[in-house]
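The chain contents come next:
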Amino acid sequence: MNILLLGATGQLGSDIQCLASEETGRFNITPWSRATLDVARIDAIPDALAGRDFDVLINCASFHATDAVEADAQRAFSVNAHAVQAMADACRRKGARFVHISTDYVFDGCRRSPYGEDDAPGPLNVYGASKLMGEALARVAHQDAIIFRVASLFGVAGSRGKGGNFVETMIRVGREKGALRVIDDQFMSPTSTADAAGAILVALEAGIAPGVYHAVNTGQASWYEFARRIIERAGVEATVEPIPAAEYPLPARRPAYSVLANAKLAAVVGPIPHWTDGLDRYLHAKGYAQKKSPADAGHEAAVT
Ligand SMILES: NC(=O)c1ccc[n+]([C@@H]2O[C@H](COP(=O)([O-])OP(=O)(O)OC[C@H]3O[C@@H](n4cnc5c(N)ncnc54)[C@H](OP(=O)(O)O)[C@@H]3O)[C@@H](O)[C@H]2O)c1
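Described in the following lines is the structure provided in the data block. (Residues numbered from 1 in each chain as written. Predicted model: local features only at pLDDT ≥ 70, side-chain atom pairs only at ≥ 80, totals over all residues.)

### A short note on the environment of glutamine 220
Then comes step 1: Residue placement: glutamine 220 occurs in the loop between strand S10 (211-214) and strand S11 (221-222).
Then comes step 2: Considered as a pair, glutamine 220 and threonine 276 are 56 residues apart in the sequence and their alpha carbons are 9.6 Å apart. (Helix = DSSP H or I, 4+ residues; strand = E, 2+ residues; numbered from the N terminus.)

And the structure:
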């Protein structure tokens, strides 16, 4: 399978590239960075893609610094929606599949059970609105578009657009200050980019049907629960205090609950690991000490 990968320098793109490269003979991957194609230059997309030979285009390029996006809707809708339509259209012309990465922030969080792919979206911020429009335009432009919604990513490469990831921030601030205050009333699906990348590649090999899928680790957590787990498993000496989101105001509104159900994708690729398992492998890969205690079994039960 010949894959052209946009956003290859990002944390998800890096893991897709890494996994696909390990599977030589099954995947032949061509990584493109912004230097090769700036997708904000929408007029350049058709020619750039028409001249390439690929079976699948995977788009990990995105403007997704949620708070910065709030002040730059024009750029957000260019990169996250109109550029996506141009990519999907180019894929349709070539008879190639189009894979696009979206977000849990398409949902409004007004419920307390995991969102399925068919649940009604209702973005609360500009970023979520631009990604939702990208999903829609991809599917309008090309019947063979596959949308993978991911969430709360952590990957070894760190997010380019966000300047790192939550795991690294918690470890750094925990070490520096010895105390963290973390939001406990927003729940989501922490997701390892290694696991999301693996699921996406297996799904493509399996010839997954077009449509929307939730490519997240199993389980859920509040940001506080996620932080507590990071600090414990990385062996950082720091306290973690739960706070309400109201005590940490940000420019962009976030859903109080954006947990995604991954059963639809798991039916194609097999069981998707729990986020605590993905976190342990991440910490191991980054060389952080992992503290194991007799209470681990209890924590496993407490962290859903
Ligand atoms: N990170 C999260 O927690 C999270 C949560 C939900 C959904 N998502 C979605 O998951 C996907 C991957 O996220 P990530 O964390 O891996 O992102 P990332 O590390 O910030 O990577 C984004 C990639 O997009 C590229 N890019 C941005 N603007 C571009 C442009 N105008 N032209 C060409 N390339 C451009 C970046 O290139 P440069 O290296 O040149 O900047 C980078 O390679 C995105 O679609 C994002 O919306 C992420």
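### Some points on the sheet that holds strand S2 (residues 28-32)
Then comes step 1: Strands sit in the order S2-S1-S3-S4-S5-S10 across an open sheet of 6 strands; the sheet is parallel. Only two strands of the sheet have a single partner each, and these edge strands are S2 and S10. Adjacent strand axes in the sheet meet at a mean angle of 20°, parallel and antiparallel pairs treated alike.
Then comes step 2: In this structure, strand S1 (residues 2-6) lies alongside S2, joined through 5 bridges in parallel fashion. Directly across from asparagine 2, in S2, lies its bridge partner asparagine 28.
Then comes step 3: Across the face of the sheet, helix H5 (residues 126-141) comes into contact with strand S4 (97-103), strand S5 (145-150) and S10 while running at roughly 160° to S4. (Pairing = 2+ DSSP bridges. Axes fitted to C-alpha atoms, helices over the stretch in contact; angles between N-to-C directions. Contact = placed C-beta atoms within 7 Å.)

### With respect to the environment of valine 126
Then comes step 1: As for its placement among the helices and strands, valine 126 is situated in helix H5.
Then comes step 2: The class of valine 126 is buried, set by 26 C-beta atoms lying within 10 Å.
Then comes step 3: Sequence separation of valine 126 and aspartate 67 is 59 residues, and the distance between their C-alpha atoms is 8.9 Å.
Then comes step 4: With residues up to four places along the chain from it excluded, the contact list for valine 126 reads Val69, Glu70, Ala73 and Ala76. (Buried ≥ 20, exposed ≤ 12 C-beta atoms within 10 Å, placed from the backbone.)

### Remarks on the packing of helix H6 (residues 166-177) against helix H8 (residues 223-233)
Then comes step 1: Their axes nearest at 10 Å, the elements H6 and H8 cross at an angle of 60°. Read as a crossing pair, H6 and H8 show a hand that is right-handed. Along its contact with H6, which presents Phe166, Val167, Met170, Ile171 and Gly174, the element H8 presents Phe226, Ala227, Ile230 and Ile231.
Then comes step 2: Counted by class, the contact of H6 with H8 contains 8 nonpolar, 1 polar and no charged residues. (Left-handed = near helix turned anticlockwise from the far one by under 90°. Nonpolar A, V, L, I, M, F, W, Y, C, P; charged D, E, K, R; others polar.)

### A word on the site of the ligand
Then comes step 1: The immediate surroundings of the ligand are formed by 27 residues, with Gly7, Gly10, Arg34, Ser62 and Gly161 found nearest.
Then comes step 2: Breaking the shell around the ligand down by element, the ones donating at least two residues are helix H1 (11-22) and S4.
Then comes step 3: At 3 residues, H1 tops the list of elements feeding residues into the shell around the ligand.
Then comes step 4: When the residues that make up the shell around the ligand are grouped by side-chain class, the tally is 11 nonpolar, 12 polar and 4 charged. (Near = placed C-beta within 6 Å.)

### Remarks on the environment of threonine 218
Then comes step 1: Examined against the element boundaries, threonine 218 turns out to sit in the loop between S10 and S11.
Then comes step 2: Using a count of 21 C-beta atoms within 10 Å as the deciding quantity, one classes threonine 218 as buried.
Then comes step 3: Each C-alpha atom, one on threonine 218 and one on histidine 100, is 21 Å from the other, the two residues being 118 residues apart in sequence.
Then comes step 4: Those residues in contact with threonine 218 that sit more than four places away from it in its chain are Asn262, Ile272, Pro273, His274 and Trp275.

### What about helix H10 (residues 275-285)?
Because each turn of an α-helix spans 3.6 residues, side chains separated by three or four positions in sequence point in the same direction.
Then comes step 1: Looking at H10, one finds that the buried residues are Trp275, Thr276, Gly278, Leu279, Tyr282 and Leu283. Taken down its axis, H10 places every buried residue within 155° of arc, on the same side. Facing away from the buried surface of H10 by more than 90 degrees, the exposed residues are His284 and Ala285.
Then comes step 2: Note on H10: the residue one or two positions beyond its end, glycine 287, has a positive phi of about 80°. (Arc of directions from axis to C-beta.)

Coordinates in, geometry out; function isn't part of it.
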